[in-house]
Amino acid sequence: MSEGVEWALHSCVNLAWSGPDRAVSAARLAAWHDLPAAYLNKQLQALARAGIVTSAPGPRGGFRLARPLAAISLMDVVAAVEGPEEAFRCAEIRRRGPGAGEPAADAADCAIAHAMTRAELAWRRALAAQNLDEIRRQAERQAPEAPARLRAWLATR
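What comes next concerns the included structure. No experiment lies behind these values; they were computed from the predicted model shown. (Residues numbered from 1 in each chain as written. Predicted model: local features only at pLDDT ≥ 70, side-chain atom pairs only at ≥ 80, totals over all residues. Heavy atoms only, no water.)

1. Some words on the packing of helix α1 (residues 3–18) against helix α4 (residues 74–82)
The contact between α1 and α4 brings their axes to 9 Å, and the two run at 130°. One way to sum up the angle between α1 and α4 is to call them oblique. By crossing handedness, the relation of α1 to α4 is classed as right-handed. The residues of α4 that touch α1, namely those facing Gly4, Val5, Ala8, Leu9 and Cys12, are Leu74, Val77, Val78, Val81 and Glu82. (Axes fitted to C-alpha atoms, helices over the stretch in contact; angles between N-to-C directions. Helix = DSSP H or I, 4+ residues; strand = E, 2+ residues; numbered from the N terminus. Parallel < 35°, antiparallel > 145°, perpendicular 65-115°, else oblique. Left-handed = near helix turned anticlockwise from the far one by under 90°. Contact = heavy atoms within 4.5 Å.)

2. Here we look at the environment of Pro147
Inspection of the secondary structure puts Pro147 in helix α7 (residues 146–155). In this structure, the C-alpha to C-alpha distance between Pro147 and Gly19, residues 128 residues apart in sequence, is 9.5 Å. Ignoring sequence-local partners within four residues, the contact set of Pro147 consists of Trp17 and Glu140.

3. Digging into the pairing of strand β2 (residues 62–65)
Relative to β2, strand β1 (residues 53–56) runs antiparallel, the two sharing four bridges. Opposite Ala56, over in β2, you have Gly62 as the bridge partner. Where β1 folds back onto β2 in an antiparallel hairpin, the turn is made up of five residues, including Gly58, whose phi is positive at roughly 100°. (Pairing = 2+ DSSP bridges.)

4. As for the nonpolar core
Among the nonpolar cores identified, the biggest contains 32 residues, and Cys12, Leu44, Leu47, Ile52, Val77 and Leu132 are the most heavily contacted of them. The biggest single contributor to this core is α1, with eight residues. What Leu47 contacts, discounting residues up to four positions off in sequence, is Ala8, Cys12, Ile52, Val53, Val77, Ala80 and Val81. (Core = buried A, V, L, I, M, F, W, Y, C linked by side-chain atoms within 4.5 Å. Buried < 20%, exposed > 50% of the residue type's maximum accessible area, 1.4 Å probe, protein only.)

5. Structural notes on the pattern of salt bridges
Here the idea is simple: oppositely charged side chains can pair when their charged atoms come close. Enumeration over the complete set of coordinates arrives at eight salt bridges. Measuring nitrogen to oxygen at the nearest pair gives 2.6 Å for the salt bridge that ties Arg94 to Glu92. The exposure class assigned to Arg94 is partly exposed, which follows from its relative accessible area of 23%. Among the salt bridges present, the one from Arg95 reaches Glu92, with a minimum N-O distance of 3.8 Å. Looking at Glu92, the relative accessible area reads 23%, which means it is partly exposed. (Salt bridge = Lys/Arg side-chain N within 4 Å of Asp/Glu carboxyl O.)

Here it is, written out as structure tokens:
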């Protein structure tokens, strides 16, 4: 999984903390965590295409959440940034080289592909079961001053 997923998740929480009436530019969101703005902007555009955030152009434009954090799962963000493809792709190497068996013997699904598919399904279900509002609440328990610090920082620049 790329670091863009982490950046996108933090950006969603930061947009919630900034308030529903404030659009925040990619550059400002990136500066808050000292990230490259152009790369973060790509992640935010992916979130916009997925309907997680909205964007408005112009000098007072920027990004806002398109829906409440409780309606955004971790899987929504992962799929927006990484795409819907499966993480593991079986290339059927068991059918190549000297180790290849008879085609009839390899008719069943690859045991490794089957195990990886089960594991990925469990992982996706776990991500889909957790929403960003749960993450926000945990972050606020860990750093109660973080939302006010972000809003103050956004107001000073």
